[in-house]
Amino acid sequence: MGWTIKIIAALLLTELTGSTLLVCWYAIGRFLDKRGYLNILYPFLKLIAIFFLLPVSFLILWIAGRNRSSWGGVLFWPTPAISTWAKAAAVIWGIGFLAMLAYRAAEAVRARLRVNSHIRCDRVRQELFEQICREAKVPIGQVRLCESYQVPVPMIMGLFHPVILLPVEEYTKPELRVILTHELVHYRHRDLWLKAAASLILMIGWFNPFVWFYCSLVERWTEYACDYTACETIGDTKEYFEIILKMTRKAGSIRSYLSASLFESTHELVRRVSRMAEYQKLEKPRRSGTIRACLALLFISFVSVTAVSLQTAAVYQKLHDQTASLQKESETQPSWFTSISVKAPDQTWVSSGLFSAEKGQSILINGSIQPSGGPVKIGISNSNGEMRYIEASSDYLQEFQITESDTYSFIVQNSSGTDVQIVGYIWCW
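What you see is a predicted model, and the numbers here were worked out from it, not measured in a lab.

## A short note on the overall build of the protein
Part 1 of the reasoning: Per the secondary structure count, the protein includes 11 helices and 13 strands.
Part 2 of the reasoning: Compactness check: the protein gives a C-alpha radius of gyration of 37 Å against a globular reference of 22 Å for 429 residues, more than 25% above the reference.
Part 3 of the reasoning: Sorting the 429 residues of the protein into buried and exposed places 46% on the buried side.
Part 4 of the reasoning: When the accessible surface of the protein is summed, it comes to about 22,900 Å², and 59% of that surface belongs to carbon and sulfur atoms.
Part 5 of the reasoning: Between the centroid of the 43 positive side chains of the protein and the centroid of its 36 negative side chains there is a distance of 10 Å.

## Overview of the packing of aromatic side chains
In this description, an aromatic ring pair is defined by two values, namely the gap between the centres and the angle between the planes.
Part 1 of the reasoning: Counted under the stated rule, the structure contains 12 aromatic pairs.
Part 2 of the reasoning: Ring centres of Tyr425 and Trp427 lie 6.2 Å apart, and the angle between their planes is 45°; this geometry places the pair in the tilted category.
Part 3 of the reasoning: An aromatic cluster is built from Phe58, Trp62, Phe76 and Tyr316, whose rings are joined through pairwise contacts.
Part 4 of the reasoning: Sitting over the face of the ring of Tyr187, Arg190 holds its NZ or CZ atom 5.2 Å from the ring centroid.

## Side note on the nonpolar core
Part 1 of the reasoning: Within the largest apolar cluster, 33 residues are counted, with the highest numbers of intra-cluster contacts made by Trp25, Ile48, Tyr214 and Trp221.
Part 2 of the reasoning: Among the elements of the structure, α1 (2–33), α2 (38–53), α7 (191–204), α8 (209–234) and α11 (287–323) are those that each provide at least two residues to this core.
Part 3 of the reasoning: Ranked by the residues each element gives to this core, the list is headed by α2, at 9 residues.
Part 4 of the reasoning: Ignoring sequence-local partners within four residues, the contact set of Ile48 consists of Gly18, Leu21, Leu22, Trp25 and Tyr214.
Part 5 of the reasoning: Val376, Ile378, Tyr396 and Phe400 belong to the second-largest nonpolar core, a separate cluster that totals 24 residues.

## Details of the sheet that holds strand β11 (residues 395–401)
Part 1 of the reasoning: Judged by pairing direction, the sheet is antiparallel, and its 4 strands sit side by side in the order β6-β13-β8-β11 without closing on themselves. Each edge of the open sheet carries a strand with a single partner, namely β6 (336–344) and β11. Direction aside, neighbouring strands of the sheet carry axes that sit 15° apart on average.
Part 2 of the reasoning: Here strand β8 (residues 362–370) runs beside β11; their pairing, made up of 7 bridges, is antiparallel. Of the residues in β11, the one forming a bridge with Gly367 is Tyr396.

## A few points about the pattern of salt bridges
Part 1 of the reasoning: As enumerated under the stated definition, the model contains 8 salt bridges in all.
Part 2 of the reasoning: We note a salt bridge from Glu147 to Arg125, for which the minimum N-O separation is 2.3 Å. Taken as a pair, Glu147 in strand β2 (residues 144–148) and Arg125 in helix α5 (residues 123–135) lie far apart in primary sequence, 22 residues in all.
Part 3 of the reasoning: Within this structure, Glu223, Asp227 and Arg272 form a network of salt bridges that share partners.

## A short note on α7
Part 1 of the reasoning: The end-to-end C-alpha separation of α7 is 20 Å, in line with the 20 Å expected for 14 residues at 1.5 Å each.
Part 2 of the reasoning: Buried residues dominate α7, accounting for 11 of its 14 residues.

## Describing the side chain of Asp406
Part 1 of the reasoning: Relative to the assigned elements, Asp406 resides in strand β12 (residues 406–414).
Part 2 of the reasoning: One buried charged side chain, Asp406, makes no salt bridge at all; its nearest oppositely charged neighbour is Arg388, positioned 9.9 Å away.
Part 3 of the reasoning: Not counting the four nearest positions on each side in its chain, Asp406 is found in contact with Phe355, Ser356, Ala357, Asn382 and Ser383.

## Section: the packing of α2 against α7
Part 1 of the reasoning: Running from N to C, α2 and α7 point in directions that differ by 40°, and their axes come no closer than 10 Å. Viewed along their axes, α2 and α7 form a crossing whose handedness is left-handed. On α7, the residues touching Tyr42, Lys46, Ala49, Phe52 and Leu53 of α2 are Asp191, Leu194, Ala197, Leu200, Ile201 and Ile204.

## Observations regarding the confidence of the model for the protein
Caution applies to low-pLDDT regions: their predicted coordinates should not be interpreted in detail.
Part 1 of the reasoning: Of the residues in the protein, 91% reach a pLDDT of 70 or more, and the chain-wide mean stands at 85.
Part 2 of the reasoning: By mean pLDDT, strand β5 (residues 259–261) is the weakest element of the protein at 54, and α7 is the strongest at 94.

## Looking at the sheet that holds strand β7 (residues 348–357)
Part 1 of the reasoning: In spatial order, the strands read β7-β12-β9-β10; together these 4 strands make up an open sheet with antiparallel pairing. A single partner strand is all that each edge strand has here, and the edge strands are β7 and β10 (387–392). Averaged over all pairs of adjacent strands, the angle between their axes in this sheet comes to 20°, without regard to strand direction.
Part 2 of the reasoning: Here strand β9 (residues 376–382) runs beside β10; their pairing, made up of 6 bridges, is antiparallel. Counterpart to Lys377 in the pairing with β10 is Glu391.

## Points about the side chain of Arg272
Part 1 of the reasoning: For Arg272, the position within the fold is in helix α10 (residues 266–281).
Part 2 of the reasoning: Here Asp227 takes part through its side chain, which lies 2.7 Å from a polar atom of the side chain of Arg272.

Calculation rules
Residues numbered from 1 in each chain as written. Predicted model: local features only at pLDDT ≥ 70, side-chain atom pairs only at ≥ 80, totals over all residues. Heavy atoms only, no water. Helix = DSSP H or I, 4+ residues; strand = E, 2+ residues; numbered from the N terminus. Rg over C-alpha atoms; globule rule 2.2 N^0.38 Å. Buried < 20%, exposed > 50% of the residue type's maximum accessible area, 1.4 Å probe, protein only. Areas by Shrake-Rupley, 256 points an atom, 1.4 Å probe, with all protein chains shown as cover. Lys, Arg positive; Asp, Glu negative; His and termini not counted. Charge placed at Lys NZ, Arg CZ, Asp CG, Glu CD. Phe/Tyr/Trp six-rings, centres within 6.5 Å; stacked < 30°, edge-to-face > 60°. Lys NZ or Arg CZ within 6 Å of the ring centre and 35° of its normal. Core = buried A, V, L, I, M, F, W, Y, C linked by side-chain atoms within 4.5 Å. Contact = heavy atoms within 4.5 Å. Pairing = 2+ DSSP bridges. Axes fitted to C-alpha atoms, helices over the stretch in contact; angles between N-to-C directions. Salt bridge = Lys/Arg side-chain N within 4 Å of Asp/Glu carboxyl O. Expected span 1.5 Å × (residues − 1). Left-handed = near helix turned anticlockwise from the far one by under 90°. pLDDT = per-residue confidence, 0-100. Polar contact = N/O pair within 3.5 Å; in protein donor to acceptor, adjacent residues only side chain to side chain.

Take a look at the structure:
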């Protein structure tokens, strides 16, 4: 059950870390976004995905908690109440995770059917695509271009074998240039990998509202960053969005964490046009300003995550102290004990000491044989010569239950092949 507590603690701390970074990003990002710092905000949004996936804060606290002077030495220690809560939380989380996994698996199957039903584009489109790939500095053959009757809008799919899928219809050369440039920018930005990470984050943190907010931001900002780069490449923002708007009249909206399409919805397209217009009015941030903004964002995020993590550890310590189950046991004192030191020559029996023990008591012998080696019989004998023993070759420990009140002696039979010294203690309870 201790590992259940650690797993749930790692899950909650990871969600808390990612959520804290997201709040910092959103709060500071609203200020930076109005000043054109897209080059900082989008990479930092990608960075947050790592902290939603990796238990960085948990590992740091766990390592620090191994120092017994930190948080009372009880960080992530179990109590009956915490163990029960952790078990219940694990069951609930597991049910939600499996439900999300089933949904994503069904979505992946549908996406695979789309990919499998494609056909290769004609030679003219392939030649234009290769030309655009060279302009975008994407190696020829790294991304394929195909057509499909199953897709309503142009999109790129596939993490390891990416393919751009076009609906089967006629396109002008400017339309193809905008469409293919847009999808190749998604490929260069590794947006499909970010969306896949967001999908995994959502499966793990389905209970966290900040995760849902993060995934919606990923959907938006992959398009914002793509529009910005694509417009710079094409050089005509008006033509770029006119062609995208034309595509919206040919198909309904589409949304998938396994692809990056030309547009998600008409409402979102309007937002993208508005943001692009605002960005073009802004001056490009200077390098010094970018560095200062980046350092400020990192510093505030680090301080916030550290404060939240330390406070979480303190809360766990308090919770442990309030739910710890403590029961004081009465101290057990032996009736008597004595030390022993017996020299036993090879191939001899040795008896040492006389002591009394009552029926129902126990005699415990423990010690060591020097030098260790062959078998030596060690035990006790009553006044009638009835011997009870164990065989040992180095350290020994044995408890004998007394069934009859009598006087007893410590006995040794050495058959180890060399003289030995028996040292230790005899205890009686």
